[in-house]
2 protein chains.
Amino acid sequence: MAEPETFKIRRLEISDKKKGFIELLGQLTVAGSLTDEEFDRRFEEISSYGDDHVICVIEDEASGKIAATGSVMIEKKFVRSCGKVGHIEDVVVDSGFRGKQLGKTVVEFLMDHCKAMGCYKVILDCSVEKKSFYEKCGLTHKAIQMSKYFA
Amino acid sequence: MAEPETFKIRRLEISDKKKGFIELLGQLTVAGSLTDEEFDRRFEEISSYGDDHVICVIEDEASGKIAATGSVMIEKKFVRSCGKVGHIEDVVVDSGFRGKQLGKTVVEFLMDHCKAMGCYKVILDCSVEKKSFYEKCGLTHKAIQMSKYFA
């Protein structure tokens, strides 16, 4: 009989590289290769922003694998009387853990963080296919995203 | 006879509050009121990020007014072998200075900064009406923006 699944949501820890965090990002986009040193350096860089750049993960404690992740970066603006905006990025759920509301749990965790930080709004970019998922999370379609790739 | 217009592009300086910077942002969205102290504090907060959060302005030196502005925030990611992404925000040209390519100059300044910082892409969100302007700047329509307002 399979063990019951026990999911725990928390901030990314430096030991999560060994729990499949990078492989999980590879299900979203090109993760690329990176050494332990490169991972550790980037982890420290992001950590230095404290609450202004938070990466959350959901760990499946039964398997010790990272099942879902998402990040948010807080932008400090002059508009809206020095308002702040949360930018949600890189939300992905492991293909073996879909259908368990983990994506929604990640987005809600990140939105709660933005609210606690005093943001007046949270924004994110996604494909048209993801629109209904984010609507279930309480977001609405607002504008279009433009991009330019340098590499 | 009117003086020739002399435009200078540079990073935001703390003295730009007196040159109409906040009023210019008010042409983009709700700027709100802010005291000199609030402005200075936010200026210092953003400045502390150094090259990771840059606000550029174009000053019309003849009038001493800020004619255009735009900002970019550099996001540090794990994907793409610890890649970086530039997020362009709050691009606006004063209504009295439109038709002089100042918006394009601002966007190119910010994109050049992203390239120099080693970003693999630059992204921004805009209304459908602004799509052709950003296409002239070299960007392409990629995805949709979702948002949720807390206040």
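Residues numbered from 1 in each chain as written. Chains lettered and ligands numbered in written order. Predicted model: local features only at pLDDT ≥ 70, side-chain atom pairs only at ≥ 80, totals over all residues. Heavy atoms only, no water.

All right, on to the overall build of chain A then. The helix and strand tally for chain A stands at 5 helices and 6 strands. Against the globule reference of 15 Å for 151 residues, chain A gives a C-alpha radius of gyration of 16 Å, in line with a compact fold. Looking at chain A as a whole, 50% of its 151 residues are labelled buried. Long-range contacts, defined here as pairs at least 24 residues apart, represent 63% of the contacts in chain A between residues at least 6 apart. Here chain A displays about 7,100 Å² of accessible surface, and carbon together with sulfur accounts for 49% of that area. Separation of charge centres in chain A, based on 23 positive and 25 negative side chains, amounts to 7 Å. (Helix = DSSP H or I, 4+ residues; strand = E, 2+ residues; numbered from the N terminus. Rg over C-alpha atoms; globule rule 2.2 N^0.38 Å. Buried < 20%, exposed > 50% of the residue type's maximum accessible area, 1.4 Å probe, protein only. Contact = heavy atoms within 4.5 Å. Areas by Shrake-Rupley, 256 points an atom, 1.4 Å probe, with all protein chains shown as cover. Lys, Arg positive; Asp, Glu negative; His and termini not counted. Charge placed at Lys NZ, Arg CZ, Asp CG, Glu CD.)

Turning to the pattern of salt bridges, a few remarks are in order. All names here are of chain B. By the definition in use, this model includes 30 salt bridges over all chains. Put simply, Lys115 and Asp112 hold a salt bridge, and the shortest N to O gap is 3.9 Å. Separated by 3 residues within a single helix, Lys115 and Asp112 lie in helix α4 (residues 102-116), roughly one turn from each other. Using a relative accessible area of 46% as the deciding quantity, one classes Lys115 as partly exposed. Overall, the relative accessible area of 46% leaves Asp112 in the partly exposed class. (Salt bridge = Lys/Arg side-chain N within 4 Å of Asp/Glu carboxyl O.)

Rotating chain A by 180° and translating it 0.0 Å along the rotation axis places it on chain B, where the RMSD comes to 0.0 Å. The symmetry that links the two subunits is that of a two-fold axis. Judged by C-alpha distance, Ile144 of chain A is the residue of chain A that lies nearest the rotation axis, at 2.2 Å. Take the interface residues of chain A: 100% of them recur as interface residues in chain B, which is what a same-surface contact looks like. (Least-squares fit on C-alpha atoms with pLDDT ≥ 70 in both.)

Mapped onto the secondary structure, Phe150 of chain A falls in the segment after β6 (140-149). On the basis of relative accessible area, Phe150 of chain A is assigned to the partly exposed category, the value being 24%. Separated by 92 residues in sequence, Phe150 of chain A and Ile58 of chain A have C-alpha atoms that sit 32 Å apart. Ignoring anything within four residues of it in the chain, the contact list for Phe150 of chain A reads Met111, Cys114, Lys115, Cys119, Tyr120, Lys121 and Val122 of chain B.

With that out of the way, let us pick up the UniProt feature "domain: N-acetyltransferase" (unreviewed entry) in chain A. According to UniProt, the feature "domain: N-acetyltransferase" (unreviewed entry) maps to residues 7-151 of chain A in the numbering used here. A helix fraction of 29% and a strand fraction of 35% characterise residues 7-151 of chain A, whose end C-alpha atoms lie 37 Å from each other. (UniProt positions renumbered as here; feature names shortened; annotations may be inferred.)

A cluster of acidic side chains, namely Glu37, Glu38, Asp40 and Glu44 of chain A, defines a negative patch on the protein surface. Mapping Asp40 of chain A onto the fold places it in helix α2 (residues 36-47). (Patch = residues over 30% accessible without salt bridge, like charges linked within 9 Å, V, L, I, M, F, W, Y side chains within 5 Å.)

What follows deals with the confidence of the model for chain A. For chain A, per-residue confidence averages 95 on the pLDDT scale, and 97% of positions sit at 70 or higher. Taken over the whole predicted complex, pTM reads 0.95, whereas the ipTM for its chain interfaces reads 0.94. (pLDDT = per-residue confidence, 0-100.)

Counting residues at the interface gives 66 residues for chain A and 66 residues for chain B. Summed over both sides, the interface of chain A with chain B buries roughly 6,100 Å², with 61% coming from carbon and sulfur. The three residues of chain A that bury the most area against chain B are Phe78, Met146 and Phe150 of chain A, which together make up 15% of that side's buried surface. In this structure, the salt-bridge partner of Glu89 of chain B is Lys77 of chain A, at a minimum N-O distance of 2.9 Å. Where chain A meets chain B, there are 37 residue pairs in polar contact (both at pLDDT 80 or more). Sort the elements by how many residues they give to the side of chain A that touches chain B and β6 of chain A lands first, with 10 residues. Its residues placed into classes, the side of chain A that touches chain B shows 34 nonpolar, 14 polar and 18 charged. (Buried area = accessible area lost by both parts, 1.4 Å probe. Polar contact = N/O pair within 3.5 Å; in protein donor to acceptor, adjacent residues only side chain to side chain. Nonpolar A, V, L, I, M, F, W, Y, C, P; charged D, E, K, R; others polar.)

Our next topic: α4 of chain B. Residue and element names in this part refer to chain B. Spanning 15 residues, α4 covers 21 Å between terminal C-alpha atoms, matching the ideal 21 Å at 1.5 Å per step. The complete set of buried residues in α4 reads Leu102, Gly103, Val106, Val107, Leu110, Met111, His113 and Cys114. Looking one or two places after α4, you find Gly118, whose phi comes out positive at around 85°. (Expected span 1.5 Å × (residues − 1).)

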